[in-house]
Amino acid sequence: MNLKNAHRDDRSFIEDRLFVVPDAFKKDVLKDYFKKLKTTSRREANLWLIDITERVEAVNNRRSNRFNINATSEDLKSYAKLQVDGCKRTLSLYKDKPLKDIYDEIAQRVSDNGLESSFIKEEPTESEMQSLIKRSLNPSWWMRHLRQRQELDIERIGREYNLVNNNRQRYVTDENLKRGQRREKEQKQWLDNMLAENEEGEIFTLGELKSTSVSNLVNRRAELMVRIRGFEEASKKLGHVGLFITMTCPSKYHRAFGISGDENPNYGGYDVKAGQSYLQTVWSRIRASLAREDIRCYGFRVAEPHHDGTPHWHMLLFLSKDHIDTFKNTLMFYCLEEDGAEKGALENRVKFIDIDPKKGSATGYIAKYIAKNINGEDLDVGLYGDDPLIAAKRVTVWASVWGIRQFQQLGGAPVTVWREVRRLKKEYKDSEALEAVRLAADKSDWEGYQNAMGGINIPRADRPVSLVYKPDIDVTTGEIKMNQYGEIKAAGIFGIKSQGKTIETRTHDWRVFPAN
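The numbers attached to residues start from 1 for each chain and follow its sequence in the written order. Local features in a predicted model are, by the rule used here, given only for residues with pLDDT of at least 70; side-chain atom pairs are given and counted only at 80 or more, and totals for whole chains, interfaces and linings are based on all residues. As a convention, hydrogens and water are excluded, and side-chain values are obtained from all of the structure's heavy atoms.

**Side note on empty space enclosed by the protein**
Think of a ball as big as a water molecule: rolled over the atoms, this probe shows where empty space is left. Buried and open spaces are told apart on a 1 Å grid over the protein atoms alone, a cavity being a set of points where a 1.4 Å probe fits but cannot get out and a pocket being an open set with protein on both sides within 12 Å along at least five of seven lines. Residues with an atom within 4 Å of a point are the lining residues. Grid points are joined across faces, edges and corners, and a volume is the space filled by probe spheres set on the points. Tallied over the entire structure, the rule returns two cavities of 30 Å³ or more. Empty space within the second largest cavity amounts to approximately 30 Å³. Around the second largest cavity, the lining residues are Glu155, Arg159, Val164, Tyr171, Val272, Asp308, Gly309 and Trp402. Only Asp, Glu, Lys and Arg are considered charged in this grouping, and only Ala, Val, Leu, Ile, Met, Phe, Trp, Tyr, Cys and Pro are considered nonpolar; every other residue, Gly among them, is considered polar. Here the residues of the lining of the second largest cavity are counted per class, giving four nonpolar, one polar and three charged.

**What to know about the domain arrangement of the chain**
Residue ranges assigned to the domains are those given by an automatic or database domain assignment. Domain parsing of the chain yields domain 1 (73–151), domain 2 (178–212), domain 3 (218–410) and domain 4 (415–514). For domain 3 and domain 4, the distance between their C-alpha centroids amounts to 31 Å. On the side of domain 4, nine residues touch domain 3, which itself brings 13 residues to the contact. Regarding the contact of domain 3 and domain 4, the summed buried area is about 970 Å², with carbon and sulfur atoms giving 63% of it. Of all residues in domain 3, Glu223, Val226 and Arg227 bury the most surface against domain 4, accounting for 40% of the area lost on that side. Salt bridge, as used here: a side-chain nitrogen of Lys or Arg that lies within 4 Å of a carboxyl oxygen of Asp or Glu. Glu223 is the partner of Arg419 in a salt bridge, and the nearest nitrogen-oxygen pair spans 2.6 Å. Top element by residues in the side of domain 3 that touches domain 4 is helix α10 (residues 217–238). It accounts for nine residues. Of the residues belonging to the side of domain 3 that touches domain 4, the class tally is six nonpolar, two polar and five charged. A contact between two residues is defined here by any heavy atoms of the two lying within 4.5 Å. By buried area we mean the combined loss of accessible area, with a 1.4 Å probe, across both parts when two parts are placed together. Numbering goes from the N terminus for both helices and strands, where a helix is a DSSP run of H or I of at least four residues and a strand is a run of E of at least two.

**Details of helix α15 (residues 388–402)**
To estimate how far a helix should reach, multiply one less than its number of residues by 1.5 Å. Over its 15 residues, α15 runs 21 Å from end to end, which matches the ideal 21 Å to within 8%, given 1.5 Å per residue. Here α15 has its buried residues at Pro388, Ala391, Ala392, Arg394, Val395, Val397, Trp398, Ala399, Val401 and Trp402. Looking at the buried positions of α15, the neighbouring elements they touch are α7 (139–160), α8 (174–192), α11 (272–292), β4 (298–305), β5 (311–320) and α14 (362–374). N or O atoms within 3.5 Å of each other form a polar contact, as long as, within protein, one can give a hydrogen and the other can take it, and as long as residues adjacent in sequence are counted only when both atoms are side-chain atoms. Where α15 begins, the side chain of Asp387 points an oxygen toward the backbone nitrogen of Leu389, at a separation of 2.9 Å. The first or second residue beyond α15 is Gly403, which carries a positive phi of 70°. Type-normalised accessible area, obtained with a 1.4 Å probe on protein chains alone, sets the label of each residue: buried when under 20%, exposed when over 50%, and partly exposed for intermediate values.

**What about the pattern of salt bridges?**
Between side chains of opposite charge, a pair can form as their charged atoms come close. By the definition in use, this model includes 41 salt bridges. Across the pair Asp10 and Arg42 runs a salt bridge whose closest N-O atoms are separated by 2.7 Å. In this pair, Asp10 is assigned in the segment before α1 (11–18) and Arg42 in helix α3 (residues 42–60), connecting sequence segments 32 residues apart. Looking at Arg42, the relative accessible area reads 36%, which means it is partly exposed. One salt-bridge network, held together by shared partners, links Arg149, Asp153, Arg156 and Asp271.

**Re the layout of surface pockets**
Looking at the largest pocket, its volume works out to about 1900 Å³. Around the largest pocket, the lining comprises 46 residues; the ones closest to its centre are Glu420, Arg423, Thr505, Arg506 and Trp510. Mapped onto the lining of the largest pocket, the elements with two or more residues apiece are α8, α9 (206–211), α10, α16 (415–421) and β9 (492–498). By volume, the second largest pocket is sized at about 1000 Å³. Contributing to the lining of the second largest pocket are 28 residues, with Glu184, Gln187, Lys210, Leu217 and Thr396 lying nearest its centre. The greatest single-element share of the lining of the second largest pocket, amounting to nine residues, is contributed by α8. Tallied by class, the residues present in the lining of the second largest pocket amount to eight nonpolar, 11 polar and nine charged. Here the lining of the second largest pocket gathers at least three residues from each of two domains, domain 2 (178–212) and domain 3 (218–410).

**Things to note about a positive patch on the surface**
On the surface, a cluster of positive charge is contributed by Lys27, Lys31, Lys35 and Lys36. Note on placement: Lys36 falls in helix α2 (residues 23–39). On the accessibility criterion, Lys36 (31% relative accessible area) is partly exposed. Here, patches come from residues exposed beyond 30% relative accessible area and free of salt bridges, joined within 9 Å for like charges and within 5 Å for nonpolar side chains (Val, Leu, Ile, Met, Phe, Trp, Tyr). The method behind every accessible area is Shrake-Rupley, applied with a 1.4 Å probe, and residues are considered shielded solely by the protein chains displayed. All tallies of charge rest on Lys and Arg as positive and Asp and Glu as negative; His and the ends of each chain are not included. Charge positions come from single atoms, namely NZ of Lys, CZ of Arg, CG of Asp or CD of Glu.

What follows is the structure in structure tokens.
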């Protein structure tokens, strides 16, 4: 840390203040500190440093171990082992006490580290208490959650510092981008060095199997485009119209201005998760209101970041032209319900573009948003004039760190059934309904699949084909397989059910082992 340009009486103070700042950000903080020192005064620069580091401390203070923000992977592994040892000591000390006492101690330890778990509840069941205790004794569980928390805090601190904006580090911090790319490389190496063998003796690397699934970005994008195009074709035959909608958050959720990157004076300290939660809440109210009016829509929603990471939604939806006015009014009402009188709310909170088939297809309209949020291929330039491939990687890391689902189907028959029936290779002439579904899926005919499944807007229970779930059985012992925590594995997809008949689609039993 080069402090030669700082006043000699302030150097120790600066070092102390920067202790809580992530190492990756210290250079940027110092750069801004010296800029303040040059343009204002020593006093103002020091006050600014106090203010920004207090914001950092506010993020770190959400957990007891404040200083592992700069921890390496090895540091986190060591810390995870310490937590496991602590939980083992609790079990030993509390061995004669009620299960709830042990649970409370371990739940407190988990919470003190700023970690979240679905098993931490006011009134947990015995099963939930046992599940948390078992996980607390697993170093990998601690490591995974500690890493997730560290990356979230890095992002929150970067947001507080206004490091994530159009003029600095777009969408996500460079630090988490590097971490995400490193983890992606490590995962690829792991997948390529693990083998899967089925009962017929066929052997593949996990990397090869992944390349054939929708985990492959090319396959994911292709499937999304097939589904969107299918909805558009269905809408034409139903006489429905298309709408492209953009929903965004109130000003207080936005950290920085779009062009200058300067701090937004209306910013209320909300992180990206809070922004996504706001949009989800608004949409749930909209859907409930539309349901009361018996207005149904279908299509897709894409969640993506503004330059500063604040989420906004794009939606391509189809519905009856008779419902357009009520639909738009409903969206406008709920989108303006919170801070609707603020400057720019009426113009920006929700925007509508009526899809005109004469000017182009609805699918073509949303295609660039799909590409921008998956792999950036086939785009000449990103939204801000940047490299679309790099922009797509930053967006993918943004979604991963904040736990945001980028793409969601709204309405229509589910894609999970579509994927399962595509596994069926033989014809089912004895079941006209199943064969119609299978044939449409096999031909990648999403519109035909919707029709074969009874239409777009019917209850799931009335559809002719549904999924069947069963426990995972060890074929050599006949026993239900256990997970790494010694619990019975959750039931997985076994196959599909149609007209009372169950058909297995997961016909292979796989054994996974290292290549070396």
